[in-house]
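Structural overview
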Amino acid sequence: MAAGDKPSATERALQDARDSLDEGFFPLEFFHDEDLHDLEMERIIGQSWVFIGHESEIPEPGDYARRYIGDDTFIFVRDESGEVNLLFDSCRHRGAQVCRAEQGNTSHFRCPYHGWTYKNDGEAAGIPQKSKAFKNLDRSEYGLAHVPRLESYEGLVFASLAEEGPSLDEWLGDFKWYFDVHMKLPEGGMEVIGEPHRWVIDANWKTIADNFNGDSYHTAWAHGSVLDLELGGEETVGHAGTGDSLDRHIHCDGHTTSMRGFEGEDVFLTYPDEVVEDLFTREGLSDAQWQLARQALSFTGAIFPNFGFLHFGDTTDDPEKDVAPFFTIRKWRPLGPDQMELWSWGLAPKNAPEEFKQRMYKMYTANFGPTGNFEQDDVPIWKGITDSASGQFASSQNLQLNYQMGLEWMSEMDIDEEWLGPGFAYSENLEEGGMRLFHEQWYEMLAGNDRTDATGTPINLQEDR
Amino acid sequence: MLAERESQLEALLVEREVEQFLYEEAELLDNRELHEWFDHVADDVNYRMPRRLMRENTSSVFSEQGYYFNEDYGSLKARVERFDSEYAWAERPPTRTRRYVTNVRVTRETEDLTEDELFVESNLLVYLSRGDSDEHTFYSARREDVLRRRGDTFEIADREIRLDQTVLSTDNVSIFL
Ligand code: FES
Ligand SMILES: [Fe+2]
């Protein structure tokens, strides 16, 4: 908050939020607040690394896709030299948008207004009547604006609107150790199948962030229909804290992942033996990472602030058919205090047999995406939370939501001292620390601090971090 | 001359039968009589809703790989039966829908059709309303069906739903189109 300015109601409320968070509370009203939305866009979306897309979506020179960071429209494009660019979609003459389609291939973007033309690396290539009309204009200064920072990790491209700050590598930190397990497990890596699903829903973006940051508690109840029909096994969908499985909630450098697995068993997310034998490789993975992959049945996770993923085994689209895994990544793009656009991609190992890739994509749509048997039931719930937060009552009564599960006075909750990966792991999944971690980082960034100032979880109690 | 009139009349009757079938199907779906609807699904069905793409030079492109639905009999049945569960929250309470089926055309020229199969194109507008709010939305689509005669009715052997939206404007797709 700028010194000297009178703090707004939102800013005063935010100051109280810090105290709430220490108690494991979070005010309901923050799931629907106009002023907060503007602050979130400026201080969180505007200052973070935001997911743009996977390089496999634009494999050839000239391939492009329209992508968004908050309210800004960009062109995600591979230029003639094979470099990936993120160009602000606004003509340098008078600001018109130069990209017409959602996706395509082109060597040039031509402005519909007066015909300025740009190469697919953003450089201004043509200005009609230049020698007469703009004779002193230096074309090299009038290319499409590039996003300040663009970086890629294992084919996943992230961008930042902030000129400075941590690099993507620093932002992801040791969490890469976990994501490597997904991206490097099959020889040749993972690729995106088809085009992302997109849908607009009337819910605040923090509701889904909460969900992906370790809400193991909701699965058996909200997705009871999947369990009823035996479309997913008890260990994939079942109640948190009751399984025979190895259930861990892991926090690492501000990001989270939850896993279920079986100690000492070869599970490999239920990938079929042929894929495991022919494609899975220890190359690029440490012994511990390999062991994690080997024992894993499912992973859920989130990269702060608006990227989520699910890598699930033991699911099917038909109780009569064999189970198969799916892998999906997603992005929640805030559009307003009560609206977001969901983006969701299905992935598969690049070098897997075509038939298996299609099976994986089918598993993805059967379970997640707008028609998914899991996802259908989640979204309307998030909408309801946003509705409850929108009126007078939430703020006049100062209603606080309870995120206390797993705090020391609520239950016995251990940290797994033997945990094989970086960060730390709660030794069971009946806890809500990942959500507290999310909200604390949210608070710190909104307050203009560094997100690594987030406290209240063991993350900052560990030495040498 | 008379023969020609007769075959025209015959075509008209077929068209009328097909229309009646699509209207009745719409009614079953609007009433959420999903099992009764599913009785009209052939056991070799292919039920697809590809993702519509937005491209610069053409208005009607659909993804080759990306889809919302790509169902066979078993997976479609599972989707139907899931709604019997008391935990299928998306449809508790059920979405109120009203389907408007128009522009129905029957063509027989398509290859791979057997004697008793008809290729049918139609437009579909679905009004959706949820909960106790005044909000509502629509799906608009074109459908391409292969209907197969079964006794005095038809079964759906193949359906492709070509939605007009690129970005969906609903929480989810928890109905059948
Ligand atoms: S606005 Fe693009 S050429 Fe004028
Ligand atoms: Fe869920």
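Residues numbered from 1 in each chain as written. Chains lettered and ligands numbered in written order. Predicted model: local features only at pLDDT ≥ 70, side-chain atom pairs only at ≥ 80, totals over all residues. Heavy atoms only, no water.

The subject of this paragraph is a nonpolar patch on the surface. A grouping of L9, L12 and L13 of chain B is seen on the molecular surface, where their side chains present a nonpolar patch of about 320 Å² in accessible area. Looking at the element boundaries, L13 of chain B is found in helix α1 (residues 2-30). (Patch = residues over 30% accessible without salt bridge, like charges linked within 9 Å, V, L, I, M, F, W, Y side chains within 5 Å. Areas by Shrake-Rupley, 256 points an atom, 1.4 Å probe, with all protein chains shown as cover. Salt bridge = Lys/Arg side-chain N within 4 Å of Asp/Glu carboxyl O. Helix = DSSP H or I, 4+ residues; strand = E, 2+ residues; numbered from the N terminus.)

A few words now on the interface of chain A and chain B. Across the contact, 41 residues belong to chain A and 37 residues belong to chain B. Between chain A and chain B the total buried area reaches about 3,400 Å² when both faces are included, carbon and sulfur atoms providing 50% of it. At the junction of chain A with chain B, the criterion picks out 5 salt bridges. Summed over the shared surface of chain A and chain B, the result is 30 residue pairs in polar contact (both at pLDDT 80 or more). Looking at the side of chain A that touches chain B, the elements that each hand over two or more residues are β12 (190-201), α7 (219-222), α8 (224-228), α12 (354-367) and α13 (375-389) of chain A. A per-element tally of the side of chain A that touches chain B places β12 of chain A first, with 9 residues. (Contact = heavy atoms within 4.5 Å. Buried area = accessible area lost by both parts, 1.4 Å probe. Polar contact = N/O pair within 3.5 Å; in protein donor to acceptor, adjacent residues only side chain to side chain.)

On to the coordination of the iron ion (ligand 2), then. Residues and elements named next belong to chain A. Protein coordination at the iron ion (ligand 2): the donors are H218 (NE2), H223 (NE2), D378 (OD) and D378 (OD), at 2.1 to 2.4 Å from the metal. Here the iron ion (ligand 2) is ringed by 4 donor atoms whose angles at the metal span 56 to 154 degrees, and the overall shape comes out irregular. Sequence spacing of the donors to the iron ion (ligand 2): H-x4-H-x154-D. Placement of H223 in the loop between α7 and α8 and of D378 in helix α13 is noted, with a sequence separation of 155 residues between them. The pair H223 / D378 is uniform in exposure class, with both members buried. (Donors = N, O, S within 2.8 Å, 3.2 Å for Na, K, Ca; no water. Tetrahedral: all angles 85-135°; square planar, octahedral: opposite > 155°, others 65-115°. Buried < 20%, exposed > 50% of the residue type's maximum accessible area, 1.4 Å probe, protein only.)

Residue and element names in this part refer to chain A. Its domain assignment divides chain A into domain 1 (50-153) and domain 2 (173-447). Using C-alpha coordinates to define each centre, domain 1 is positioned 34 Å away from domain 2. If you look at the interface, domain 1 gives 15 residues, while domain 2 gives 18 residues. Summing both sides of the interface, domain 1 and domain 2 together bury roughly 1,400 Å²; the carbon and sulfur share of this comes to 57%. On the domain 1 side of the interface with domain 2, the three residues burying the most area are F51, Y68 and Y153, jointly 45% of the side's total. R198 is the salt-bridge partner of E102, the closest N and O atoms lying 3.3 Å from each other. Run the count over domain 1 and domain 2 and you get 8 residue pairs in polar contact (both at pLDDT 80 or more). Elements with a minimum of two residues in the side of domain 1 that touches domain 2: β2 (50-54) and β3 (63-69). The greatest single-element share of the side of domain 1 that touches domain 2, amounting to 5 residues, is contributed by β2. Split by residue class, the side of domain 1 that touches domain 2 holds 5 nonpolar, 5 polar and 5 charged. (Domains from an automatic or database assignment. Nonpolar A, V, L, I, M, F, W, Y, C, P; charged D, E, K, R; others polar.)

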